[in-house]
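A closer look at the structure
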Amino acid sequence: MHTKPKNTDAALMEKQSFDVTSIKADFPIFAQEINGHRLVYLDSAASSQKPQAVIDAIDRFYSTDNANIHRGLHALAERATSAYEHSRTKVAKFLGGVNREEVIFTSGTTAGINLLSYSLGEQIIKAGDEILITEMEHHANLVPWVMLAKRKNAVLKRIPLTRDGRLDLTKVNGLLNSRTKIVALTHMSNVLGTINPRTEIAEAAHKKGAVVVVDGAQAAPHMPVNVKELDADFYAFSAHKVLGPTGVGILYGKRELLESLPPFMTGGEMIREVNFDNVTWNEVPHKFEAGTPHIAGAITFETAIDYLEQIGMENIRQHEIELTEYAIEKLLQIEGLEIQGPLDSSIRGSAISFTVPDIHPHDISTFLDSKGIAIRAGHHCAQPLMRALGKVATARASFYLYNDESDVDALVEALTEMKKYFRI
Ligand code: PMP
């Protein structure tokens, strides 16, 4: 429906197969009305909705397969273990075909980055060393590094932004030096939508011997990701933004790095041998998975990825490019409305932050909610970015595979009505 015309039969079939109406029908949440209106869900950057297949898979796990993993020798434990490990293999393929041992199940992006800020941070950061982040980071990829820098007396530096919300690449080389040990950046900004040119930054960082950590929370749901091509040493994302359950995510790490790192959490399952005076660690990835994980979550993460892959990540990206272009064009027709971040759809994702003069983003969100439209308003867990933009908050509409032009039209119509309501 929204894929760009290409001249092959396969492309034509793809185009016909991207049918938002039938995709939406797979998501039971859309069967309801909110405040007397159809639900227009434009908050997928915060969390995505779940298809029936994922909801059914969670139900099925607890109804028929529930048991703890890795330890039991009975049928249910073996079934649960094999599904859990199968999901790990699926995620490894989703990231462009990495080794399954390089995929650690975590409770989400935040947990993955915190793991690194301790394991990696404790191992490689010394007083006077430098950690380089960017001005557009979500607190999840910012606060752990602030705290690491404080613990170690290290220096936290940041890549500034251009006026249109991209990283100022002219500053990168000047910020890197032999003391730079970690470069941590987001693949796609949750506020500006900007897709960062990680490959160039990774190359420059690696030349200085730094380790590159990529926050993939916003990119992984919306575009094909190949961590080897990105040359990311670590890549973290959350299942709940890719149609899966909350409370589960993954941290990818290059095998040799994972093997050399100390564990973050200790306890059951992550050990090889335990004595009162000495403990040896299990092999990766188990060394980093202490305790009982979110088994149902990890298993149904696979169902979510299956759903996305059946539609095709490339098709989803293409659909969102077209929807973003349409939304930007329509939104900019509203007098005074200002979009934060680049307008060029080839370097941005589908999260669009905007402000309307004299109407607080919280009021925008509340007004839209009265029309059944869910957006996000606030600082989006990026307070330093808000300061750099000179804003206290923005409104953010974010689109996914189940949104189409009628959702953009509903948003624009409601915003126009809102301006009349506030007499602006
Ligand atoms: N990084 C970015 C860019 C995000 O958008 C988010 C979620 N809003 C996170 C990290 C944190 O993800 P989670 O809350 O799932 O750990």
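Because the structure is predicted, anything quoted here is derived from the model rather than measured. (Residues numbered from 1 in each chain as written. Predicted model: local features only at pLDDT ≥ 70, side-chain atom pairs only at ≥ 80, totals over all residues. Heavy atoms only, no water.)

Before going further, it helps to spend a moment on the overall build of the protein chain. A count of helices and strands for the protein chain gives 15 helices and 17 strands. Principal axes of the C-alpha set define a box for the protein chain whose edges measure 70 × 55 × 45 Å. Here the protein chain holds 424 residues, and 55% of them are scored as buried. Taking contacts inside the protein chain between residues at least 6 apart in sequence as the whole, the part at least 24 apart equals 71%. Carbon and sulfur atoms provide 51% of the accessible area of the protein chain, an area that totals close to 18000 Å². (Helix = DSSP H or I, 4+ residues; strand = E, 2+ residues; numbered from the N terminus. Buried < 20%, exposed > 50% of the residue type's maximum accessible area, 1.4 Å probe, protein only. Contact = heavy atoms within 4.5 Å. Areas by Shrake-Rupley, 256 points an atom, 1.4 Å probe, with all protein chains shown as cover.)

What follows deals with the sheet that holds strand 17 (residues 394-398). On the basis of which strands lie adjacent, the open sheet formed by 4 strands has the order 13-14-17-16 and antiparallel pairing. At either margin of the open sheet sits one strand with a lone partner, and together these are strand 13 (338-340) and strand 16 (376-378). Between one strand axis and the next, the sheet turns through 30 degrees on average, direction left out of account. Relative to strand 17, strand 14 (residues 351-355) runs antiparallel, the two sharing 4 bridges. From the neighbouring strand, Phe354 faces strand 17, where its bridge partner is Ala395. Sitting on the sheet, helix 12 (residues 313-331) is in contact with strand 13 and strand 14, with an inclination near 10 degrees to strand 14. Against the sheet, helix 13 (residues 361-369) contacts strand 14, strand 16 and strand 17, and its axis sits at roughly 160 degrees relative to strand 16. (Pairing = 2+ DSSP bridges. Axes fitted to C-alpha atoms, helices over the stretch in contact; angles between N-to-C directions.)

Once that is clear, we can look at the nonpolar core. In terms of nonpolar packing, the biggest core is built from 73 residues, with Leu95, Tyr235, Phe237, Phe301 and Leu401 touching the most fellow members. The element best represented in this core is helix 11 (residues 295-311), accounting for 10 residues. Shared between two domains, this core holds at least three residues of each, these being domain 1 (9-50 + 312-421) and domain 2 (55-309). Those residues in contact with Leu401 that sit more than four places away from it in its chain are Phe18, Val20, Ile23, Leu243, Tyr307, Leu308, Ile311, Ile316, His319 and Glu320. Counting 28 residues, the second-largest nonpolar core is a separate cluster that includes Phe354, Ile373, Val412 and Met418. (Core = buried A, V, L, I, M, F, W, Y, C linked by side-chain atoms within 4.5 Å. Domains from an automatic or database assignment.)

Our focus in this paragraph is the pattern of salt bridges. Taken as a whole, this structure holds 26 salt bridges when the rule is applied. Residues Glu338 and Lys391 are paired through a salt bridge, measuring 3.7 Å at the closest nitrogen-oxygen approach. Taken together, the residues span a long stretch of sequence, with Glu338 in strand 13 and Lys391 in the loop between helix 14 (383-389) and strand 17 at a distance of 53 residues. Given a relative accessible area of 39%, Glu338 falls into the partly exposed group. For Lys371, the salt bridge is made with Glu417, and the minimal N-O distance between the two is 2.9 Å. With a gap of 46 residues between them, Lys371 in the loop between helix 13 and strand 15 (373-374) and Glu417 in helix 15 (residues 405-421) connect regions that are remote in the sequence. (Salt bridge = Lys/Arg side-chain N within 4 Å of Asp/Glu carboxyl O.)

Turning our eyes to something else, we now look at the pairing of strand 6 (residues 155-159). Where strand 5 (residues 130-134) lies against strand 6, 5 bridges are found, and the strand directions are parallel. Within the sheet, the bridge partner assigned to Ile133 lies in strand 6 and is Arg158. Once the chain exits strand 5 it traverses helix 6 (residues 143-152) before rejoining the sheet at strand 6, and the crossover so formed is right-handed. (Right-handed = clockwise from strand over helix to strand, strands pointing away.)

Another point: the site of the ligand. Near the ligand the following residues occur: Thr109, Thr110, His138, Ala140, Thr186, Asn190, Asp215, Ala217, Gln218, Ser238, His240 and Lys241. Contact between the ligand and Lys241: a nitrogen atom at 2.8 Å from a side-chain N or O atom of the residue. Across the complex, the protein chains shield 84% of the 400 Å² of accessible surface that the ligand would expose by itself. Counted by class, the shell around the ligand contains 2 nonpolar, 8 polar and 2 charged residues. (Near = heavy atom within 4 Å. Polar contact = N/O pair within 3.5 Å; in protein donor to acceptor, adjacent residues only side chain to side chain. Nonpolar A, V, L, I, M, F, W, Y, C, P; charged D, E, K, R; others polar.)

So, on to the domain arrangement of the protein chain. Its domain assignment divides the protein chain into domain 1 (9-50 + 312-421) and domain 2 (55-309). Measuring from the centre of the C-alpha atoms in domain 1 to the corresponding centre in domain 2 gives 27 Å. Taken together, the contact between domain 1 and domain 2 spans 40 residues of the former and 33 residues of the latter. At the boundary of domain 1 with domain 2, total buried surface from both sides reaches about 2900 Å², with 61% on carbon and sulfur atoms. Of all residues in domain 1, the largest losses of buried area upon contact with domain 2 belong to Lys50, Met313 and Leu385, amounting jointly to 22% of the total for that side. The tally of links from domain 1 across to domain 2 stands at 0 salt bridges. (Buried area = accessible area lost by both parts, 1.4 Å probe.)

Next up on the list: the pairing of strand 17. Buried residues dominate strand 17, accounting for 5 of its 5 residues. What you see with strand 17 is no split at all: Thr394, Arg396 and Ser398 on one side and Ala395 and Ala397 on the other are buried throughout. Pairing between strand 16 and strand 17: 3 bridges, direction antiparallel. When the sheet's bridge partners are listed, Arg376 is paired in strand 17 with Arg396.

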